[in-house]
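# Remarks on the overall topology
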Amino acid sequence: MQNGEVSFWWQARGIPPLRPPLPGRTDADVCIVGAGFTGLWTAYYLKRADPGLRVVVLEQTFAGFGASGRNGGWVTATLPGSRSRYASQHPSGAPGVRELERRLRETVDEVARVCQHEGIDAGLVKGGTLTVATTAAQDARLRRRLGPDRSWGDEPRIVRYLDKTELATRVQVTGAVGALYYPDCARVQPADLVAGLAEVVTRSGVPVYEATPVTSISAGLARTPAGDVRAPYVLRCTEGFTAGLPGQHRTLLPLNSSMIVTGPLSEDAWKTIGWDGCETLCDEAHAYIYAQRTADGRIALGGRGIPYRFGSGLDHRGQVAPSTVAQLGRILRRMFPMAVEAGLEHAWCGVLGVPRDWCATVTLDRSAGLGWAGGYTGHGVAAANLAGRTLADLVRGVPSPLTTLPWVGHRSPRWEPEPARWAGARGLYALYRTADRLESTRRSTRTSLLARAGDAISGIPD
Ligand SMILES: Cc1cc2nc3c(=O)[nH]c(=O)nc-3n(C[C@H](O)[C@H](O)[C@H](O)COP(=O)(O)OP(=O)(O)OC[C@H]3O[C@@H](n4cnc5c(N)ncnc54)[C@H](O)[C@@H]3O)c2cc1C
């Protein structure tokens, strides 16, 4: 089994030779730091709107090296944040949040549209998403969620409860007692998507300078060892890596997520499991897992693993602790016993950016020319597209319905300094794992008090 090497997704398509680094001191109209989905979508929409703009992208490693080339491949419309927190802090209130959610749902189709228009083959299938309950407490939480979802104006089209028989007609998950189905999610091969997008952006005349680490960002200036880039607009699109930039240690917590993938399953196994609709799938545990049936007939499954490294430390090219691989393997065997025969072929991990209040931000300070977007809390694949379109409109200063959405200009508090940050993140996931264990050993429909305490302390949205 391969461990690390960025991700299975990258190994499956092959990591390409590096694009040339920044040749030296450069002037541009817009300088984007980070070539993940946020940076690349921003470049894409800027260039389409104004082909004459001189846009450059600076990337420390290669385009798609970060979470964008390692994720679970859910193009999900899930709101990256708390509805009530956005509503209480933005003048647009609840209607503004509903509009942001509507835009996120549209974004799933926008990503599919661009893939088709630009000829990016990323195995995209819009099959919706299933949140599966495997305990009575999880099932009760799902059923309760139908209430608040509807009171926020959700229609049955948007979320639907499936009992275990109906769920089994879609996917056979051992131990499932029910599920929620949301139609607005697509499955992709994320490295194919980010690599295709980087190609399209490069072809449109935007240089993506790789092996070019930015050492500091200030008004009008991004510094690199190869020389400075001067631009009226500098956009920080570094999500889980942001803590590595001067002055940003406490802006976003790099939360780790780990994944495993099986070998291709046999036809017999797929006949038993089903999953022909290619729905993305997660469970309702507090330390939840997420999964997809890949385009080449494997199961890719992810979960938290070691949640956080002291001092906002990062993994080494996606290498995962053996204990995490074993833990995810146990969950896979429990939910999909038929997958065991295919064996595990690869494990990897990556970091996603989490703000202290778990609410994402898209922002531009026009006077300083500094902007950034991120903090999608693990729901960044579609959100980065909407954020990129919004950053592009903010930079161009055009009237746009996107620039008034409630995440624009949102300010999250800073994270606590170490060692409180480390102790908090580790403690929280220890609480969640204990809560999950307790809930699985009893029939009660009540959510464990430990998990409630964890939610209250951390500020994780419902
Ligand atoms: C294992 C895992 C599973 C996930 N699953 C899902 C999922 O299924 N669905 C979903 O919606 N979200 C998921 N996410 C989250 C999602 O992948 C991210 O939110 C999203 O990809 C963020 O995109 P980004 O461009 O903002 O950041 P990234 O993709 O992390 O890109 C940031 C880029 O900036 C570069 N960079 C950083 N610092 C510098 C610097 N100083 N100089 C130059 N370049 C720099 C990095 O090398 C990187 O390429 C997952 C994340 C992980 C880690």
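In short, a report on the structure. Per chain, the residues get numbers from 1 upward, laid out in the order the sequence is written. Selection of residues for local features in this predicted model requires a pLDDT of at least 70, selection of side-chain atom pairs for listing and counting requires 80 or more, and totals for whole chains, interfaces and linings are taken over all residues. With hydrogens and water stripped out, all remaining heavy atoms of the structure feed into the side-chain values.

Another aspect to go through is the site of the ligand. Any residue with at least one heavy atom within 4 Å of a molecule or strand is counted as near it. Lining the immediate surroundings of the ligand are 37 residues, of which Thr38, Glu59, Ser68, Val214 and Val381 lie closest. Contacts to the ligand include Asn71, whose side-chain N or O atom sits 3.4 Å from an oxygen atom. Under this definition, polar contacts are N or O atom pairs within 3.5 Å; protein pairs additionally need one hydrogen-donor-capable and one acceptor-capable atom, and for neighbouring residues in sequence, both atoms have to be side-chain atoms. A distance of 3.3 Å separates an oxygen atom of the ligand from a polar atom in the backbone of Gly73. Using a 1.4 Å probe, accessible areas were evaluated by the Shrake-Rupley method; residue-level cover was limited to the displayed protein chains. In isolation the ligand has 1,000 Å² of accessible area, and contact with the protein removes 98% of it. Of all the elements in the fold, those that place two or more residues in the shell around the ligand are α2 (37–49), β5 (74–76), β19 (344–354) and α10 (380–396). Element by element, the count of residues in the shell around the ligand is highest for β19, at three residues. Helix and strand definitions follow DSSP, with helices as H or I runs of at least four residues and strands as E runs of at least two, each counted in order from the N terminus.

Strands in a sheet are paired, the pairing made by backbone hydrogen bonds, and the direction either parallel or antiparallel. Spatially, four strands are ordered β2-β13-β12-β11 in an open sheet, and the strand pairing comes out mixed. Looking along the sheet, the strands with just one partner apiece sit at the ends: β2 (26–27) and β11 (216–218). Bridging between β2 and strand β13 (residues 227–230) involves two bridges; their strand directions are parallel. Looking at β13, one finds that Thr26 is bridged to Val229. Here, a strand pair is defined by DSSP locating no fewer than two bridges between the strands.

It is worth spelling out the nonpolar core at this point. Note on terminology: a nonpolar core comprises buried Ala, Val, Leu, Ile, Met, Phe, Trp, Tyr and Cys residues joined through side-chain atoms within 4.5 Å. Remark: exposure states derive from per-residue accessible area (1.4 Å probe, protein chains only) relative to the maximum for the residue type, with buried under 20%, exposed over 50%, and partly exposed in between. Among the nonpolar cores identified, the biggest contains 78 residues, and Val30, Trp41, Leu193 and Trp407 are the most heavily contacted of them. Here this core gets ten residues from one element, more than from any other, and that element is α10. In this description, contact between two residues means that some pair of their heavy atoms is separated by no more than 4.5 Å. When residues no more than four places from it in sequence are discounted, the contact partners of Trp407 are Pro80, Tyr86, Leu100, Ala360, Thr361, Val362, Tyr376, Ala383, Leu386 and Ala387. The next biggest cluster of nonpolar side chains, apart from the first, holds 31 residues, and it includes Val173, Tyr181, Ile289 and Phe336.

Salt bridge, as used here: a side-chain nitrogen of Lys or Arg that lies within 4 Å of a carboxyl oxygen of Asp or Glu. This model, assessed by the stated rule, comprises 29 salt bridges. Between Arg141 and Glu284 there is a salt bridge, with its nearest N and O atoms 3.4 Å apart. Taken together, the positions of Arg141 in helix α5 (residues 136–151) and Glu284 in the loop between β16 (280–283) and β17 (290–293) put the pair 143 residues apart, joining distant regions of the chain. One exposure class covers both Arg141 and Glu284, and it is buried. Put simply, Glu345 and Arg298 hold a salt bridge, and the shortest N to O gap is 2.7 Å. Here the residue Glu345 occupies a position in strand β19, and Arg298 occupies one in the loop between β17 and β18 (299–303), the gap between them amounting to 47 residues.

The next subject is the sheet that holds strand β20 (residues 361–365). Pairing is mixed in the open sheet, where six strands are placed in the order β10-β4-β3-β14-β21-β20. Each of the sheet's edge strands pairs with one partner strand only, and the pair in question is β10 (208–209) and β20. As paired strands, strand β14 (residues 233–236) and strand β21 (residues 370–374) are joined by three bridges and run parallel to one another. Looking at the pairing, Leu235 lines up with Gly371 of β21.

Every helix has an expected span of 1.5 Å times one less than the residues it contains. Taking 1.5 Å of rise per residue, the 14 residues of helix α7 (residues 190–203) would be expected to cover 20 Å, and the 20 Å separating its terminal C-alpha atoms lies within 8% of that figure. Burial runs high along α7: eleven of the 14 residues are buried. Where α7 is concerned, the buried positions are Pro190, Ala191, Asp192, Leu193, Val194, Ala195, Gly196, Leu197, Ala198, Val200 and Val201. For α7, the elements touching its buried residues are α1 (8–13), α2, α4 (93–118), β10 and α10. Between the side-chain oxygen at the start of α7 and the backbone nitrogen of Ala191 there is a gap of 2.8 Å, and the oxygen is on Gln189.

Residues Arg144, Arg442, Arg446 and Arg452 make up a contiguous surface patch of positive charge. A residue is classified by how much of its surface remains accessible, and Arg446, at 56% relative accessible area, is exposed. Surface patches are drawn from residues lacking salt bridges whose relative accessible area is over 30%; two like charges belong together within 9 Å, two nonpolar side chains (Val, Leu, Ile, Met, Phe, Trp, Tyr) within 5 Å. The sign given to each residue is positive for Lys and Arg and negative for Asp and Glu; His and the chain ends receive no count. For this purpose, a charge sits on NZ of Lys, CZ of Arg, CG of Asp or CD of Glu.

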